[in-house]
Amino acid sequence: MLDLLADIRRAPLDELLAEARRVRDTRAAGRLVTYSPKVFVPLTTLCRDVCGYCTFARPPRRGERAYMSEDEVLAVARAGAAAGCTEALFTLGDKPELRYGVAREELAALGCTTTIEYLARCARLVLEETGLLPHVNPGVMTRADLELLRPVSASMGLMLETSSDRLAARGMPHWASPDKIAARRIETIRAAGELAIPFTSGILVGIGETREERLEALLDLRSLAEEHGHLGEVIVQNFRAKAGTRMAEHPDASLEEHLWSIAAARLLLPPAVHVQAPPNLAHDDFPRLLHAGIDDWGGVSPVTVDHVNPEAPWPTLDRLRERTEEHGFALVPRLPLYPEYVADLERWVDAAVQPAVRRASDAQGYGRDDRWAPGESQPVPFVTSTDAPPLELTGDELGEDEIVRLLAARGRERARVLAAADRLRRETCGDEVTYVVTRNIQYTNVCYFRCGFCAFSKGKLAENLRGPAYLVPLDEIARRAAEAWDRGATEVCLQGGIHPAFTGDYYADVVRVIAEAVPDVHVHAFSALEIWQGAATLGVALDEYLGTLRVLGLGSLPGTAAEILDDEVRAMICPDKVTTAQWLDVHDAAHRAGLASNVTMMFGHVDRPRNWARHLLRAREQQARTGGFTEFVPLPFVPMEAPMYLQGRARRGPTFAEALLVHAVARLALHPLITNVQASWVKLGPEGVRQALAAGVNDLGGTLMNESISRAAGSEWGQELPPERMEALIRSAGRRPRQRTTLYGDPPSDQVARSFGAAPLAEPVSPPVREAGLQAPPRLLRPGLVAGARAR
């Protein structure tokens, strides 16, 4: 440390800045610079301190309220939410009730004793009514204050400013300001660490402190960060003189001094601590702050002014993005707490605040950069670039770390990843886009498994979700299959819940009745869970059971129940379902039995890019062994009615960029073993499909005829996309449509002809399940729990 300090003291500025940039650029976040879209809520401008540089704090004025009303607070917050903000920054004077009678009187009328108590009420109101995440800066706080605010805020802050008590002497900036004593402020920051509160602090540059005093403050912050790990960022803020203050004639901090201080902060602070400098206080020179090692611009508001520095407007987001990208960085929105804390919410955020954090975050823990959600009918946030230079990849196969990097791409790099996938798609598949005329038949919505993402099943844990419990009779299944054939279908796809009374004989009966009714239709049926459960209930091996189903007429397996092929995630979203190994075992056995299948990935809930990468690698390894997968099918999580989203345990599905990247990176990572990448029109909608077709996709799956699972979760994109509309959609993207069979052959010409202008479907019959008279066995089989017991 002594050598580092000596180097900082004597290094020429250019060398110091270069070393700070090198340290910044070796961080895990890479070439990202963040900002927080916020609204500024000045709850009160009364303060018991009288800092010599401050225009925010002012004494009471006749006829003015001491505090913003709850309605005023909510109006600001709602405007911020409408503008896409995620943070509500509460800034206020320190303990005004200790100095001003008007503050005490107004607090009493509000039913509060302290400003902190009223702040907690307003923060809770904003959190509950708008979903914005409160970040509170009420000054020096006791442990009790921190404990009161933790359940209503995502993070807190207190500028250390300086560690020098010299600046509190008469005639100095902090004279007559008892809350600016460094020891008191350090005590607050330390207590926040003990309570695991994500925290912001910082220093002021140019208020009369020396460089040595600045270094001393940074070392104090370093010690606090190392002690508790709660210090997410340190702000290095330059002094700007303001008219009407005691320091109005004090010189501003020079740009060179500001840059020196930023670089010193980057070199002294732990790598996990982000370094921020406000762009508005550097005016047109703000891009130069990037040369000193910052990786965050702080809060930037499209709605409110900077009430602490009202003379210095924030740059527009377009300008901030443009100048950031000019320096080789992607500009990324973040939450008031950084991704490191989002990744461990149970530790760092109160349970009452965690749902709002999850809903506002993306898969990397940054703020969502759009309002798009799978299944919702709304415009796409951006159009895939057609002129971005494709990213050049080296080596034959992408490894896990490289796949993670591609999945996390931002800005211009993201456009290059999408372009690389599109180029590889063109080289591999040409401009043809395939689809299959199929009918989905979901034979029951009763299920005894506990999947947190499923709004379709009607087990005891999902009684509040859509529709009555039903079981489709076998003769109705056969009728639907025959009707589908008459409408030009070459495939029926069957899946459903796992009724407690089902055994392997039920699935065999389903295949048998379809094969008898429509011998030429391809039966694409049963997830790995249904196959595992069917074999287990009969006490036979997977190979034997799948062989029996094939003889009866089963043609292939859908790749559903894969969700995320990483047991870390499965333990959270489907703990009693088949494990990763069991899912792969089922498909391995299917391929040995001569049955093809596909592989799906349901993403955008509690998972992260590394989980996606592991899923892709396991699919690739399985394909290398057996070659039985026909396509890869990304399925964006539809959140609206999913139990784990309604309970605050999941994100709001993937962002649009994440959805496109998963399709694109799948194309790159699975090549040349899996050459078909499918997009789900039910999840993405028509415009989303058009963009996915420019990101590596060559197949649009089935026309469906009936679709219940995504609609139960809240998708608004309907039950059927008939061939006329399917082909129009494909052509609108500049591509050539081709109707296919399940296994990518050409369907009979008479079936193709039937599929156009098909008659409307008859009303399906789905009788209440109680009419079937099924009896559950005394013990239910749960593969995930069986595997867990064996592991223990």
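This one's a predicted model, so the numbers in the text were calculated from it and none came from an experiment. (Residues numbered from 1 in each chain as written. Predicted model: local features only at pLDDT ≥ 70, side-chain atom pairs only at ≥ 80, totals over all residues. Heavy atoms only, no water.)

**Student:** Would you mind showing me how to read the overall build of the protein chain here?
**Tutor:** Along the protein chain, the regular secondary structure elements total 29 helices and 18 strands. For the protein chain, whose C-alpha radius of gyration is 30 Å, the value lies close to the compact-globule estimate of 28 Å for 792 residues. Summarising its shape, the C-alpha atoms of the protein chain cover approximately 95 × 55 × 50 Å along the three principal directions. Across the 792 residues of the protein chain, 61% fall into the buried class. The contacts of the protein chain with a sequence gap of at least 6 include a subset with a gap of at least 24, amounting to 79%. (Helix = DSSP H or I, 4+ residues; strand = E, 2+ residues; numbered from the N terminus. Rg over C-alpha atoms; globule rule 2.2 N^0.38 Å. Buried < 20%, exposed > 50% of the residue type's maximum accessible area, 1.4 Å probe, protein only. Contact = heavy atoms within 4.5 Å.)

**Student:** Please clarify how the sheet that holds strand β10 (residues 432-436) should be interpreted in this entry.
**Tutor:** Note on sheets: strands pair through backbone hydrogen bonds, and any given pair is parallel or antiparallel. Here we have three strands laid out as an open sheet, ordered β17-β10-β18, and parallel in their pairing. Bordering the open sheet on either side are β17 (699-702) and β18 (736-740), each of which pairs with just one other strand. Put simply, the sheet's adjacent strands are angled 20° from each other on average, direction ignored. One ladder, built from five bridges, connects β10 with β18; its direction is parallel. Bridge assignment links Tyr435 to a residue of β18, and that residue is Gln739. (Pairing = 2+ DSSP bridges. Axes fitted to C-alpha atoms, helices over the stretch in contact; angles between N-to-C directions.)

**Student:** Could you clarify how one ought to interpret helix α2 (residues 13-25) in this entry?
**Tutor:** Since the α-helix advances by 3.6 residues per turn, residues separated by three or four positions end up pointing in the same direction. With 13 residues, α2 should reach 18 Å at 1.5 Å per residue; the first-to-last C-alpha distance of 18 Å fits that figure. Looking at α2, one finds that the buried residues are Leu16, Leu17, Ala20, Val23 and Arg24. End-on, the buried residues of α2 take up no more than an arc of 125°, which puts them together on one face. Turned more than 90 degrees away from the buried face of α2 sit Asp14 and Glu15, all of them exposed. (Expected span 1.5 Å × (residues − 1). Arc of directions from axis to C-beta.)

**Student:** In this structure, what is going on with the confidence of the model for the protein chain? I would like to understand it.
**Tutor:** Averaged over every residue, the pLDDT of the protein chain is 94; the share at 70 or more is 95%. With pLDDT under 50 throughout, residues 459-465 is counted as low confidence; its partners more than four residues away or in other chains account for nine contacts. (pLDDT = per-residue confidence, 0-100.)

**Student:** Before we go on, may I ask you to explain the sheet that holds strand β15 (residues 596-603) in this structure?
**Tutor:** Read across the open sheet, the six strands follow the order β11-β12-β13-β14-β15-β16; overall the sheet is parallel. The open sheet has two edge strands with one neighbour each: β11 (438-442) and β16 (629-636). With direction set aside, neighbouring strand axes in the sheet form an average angle of 25°. Across the sheet, helix α21 (residues 580-592) touches β14 (554-557), β15 and β16, and the angle it forms with β15 is around 160°.

**Student:** So what exactly am I meant to see when it comes to the state of the cysteines here?
**Tutor:** Two cysteines form a disulfide when their sulfur atoms are joined by a covalent bond. In the structure shown here, the tally under the stated rule is zero disulfides. Looking at Cys122, it has no disulfide partner, and the nearest cysteine sulfur is the one in Cys112, 8.0 Å off. Cys451 carries a free sulfur, and the closest cysteine sulfur to it, the one in Cys574, is 5.2 Å from it. (Disulfide = S-S within 2.5 Å.)

**Student:** Help me out: how do you make sense of the side chain of Arg740 in this one?
**Tutor:** Along the chain, the position of Arg740 falls in strand β18. A polar contact is formed between the side chain of Arg740 and the side chain of Asp699, at a distance of 2.7 Å. At 3.3 Å, the side chain of Arg740 forms a polar contact with the backbone oxygen of Thr742. (Polar contact = N/O pair within 3.5 Å; in protein donor to acceptor, adjacent residues only side chain to side chain.)

**Student:** Even after reading the chapter, I still don't get helix α19 (residues 542-552), so can you show me in this structure?
**Tutor:** Of the positions making up α19, those classed as buried are Leu542, Tyr545, Leu546 and Leu549. End-on, the buried residues of α19 take up no more than an arc of 95°, which puts them together on one face. Buried residues in α19 make contact with α17 (504-517), α18 (528-538), β14 and α21. Looking at the residues trailing α19, positive phi occurs at Gly553, about 135°.

**Student:** Would you mind going over the environment of Val152 with me for this structure?
**Tutor:** Secondary-structure assignment places Val152 in the loop between α6 (143-149) and β4 (155-157). According to the relative accessible area criterion, Val152 is buried, its value standing at 1%. Each C-alpha atom of the pair Val152 and Val353 lies 6.5 Å from the other, and the pair is 201 residues apart in sequence. Leaving out residues up to four positions away in the same chain, Val152 has contacts with Ala120, Ala123, Arg124, Leu127, Pro134 and Val353.

**Student:** How should the packing of α18 against α19 be read in this particular structure?
**Tutor:** Packed helix pairs are specified by the crossing angle of their axes together with the interaxial distance, meaning the distance between the axes. Contact geometry for α18 and α19: axes closest at 9 Å, N-to-C directions at 105°. Relative to α19, α18 is oriented roughly perpendicular. Each of Ile531, Trp532, Gly534, Ala535 and Leu538 in α18 lies in contact with α19, whose residues at this interface are Leu542, Tyr545, Leu546 and Leu549. For the contact of α18 with α19, the per-class residue count stands at eight nonpolar, one polar and no charged. (Parallel < 35°, antiparallel > 145°, perpendicular 65-115°, else oblique. Nonpolar A, V, L, I, M, F, W, Y, C, P; charged D, E, K, R; others polar.)

**Student:** In this structure, what is going on with the environment of Val234? I would like to understand it.
**Tutor:** Looking at the element boundaries, Val234 is found in strand β6 (residues 231-238). When the C-alpha atoms of Val234 and Arg222 are compared, they prove to be 9.6 Å apart, with twelve residues separating the residues in sequence. Once you skip the residues sitting within four places of it in the chain, Val234 turns out to touch Ser201, Gly202, Leu218, Leu221, Leu269, Val273, His274, Val275 and Gln276.

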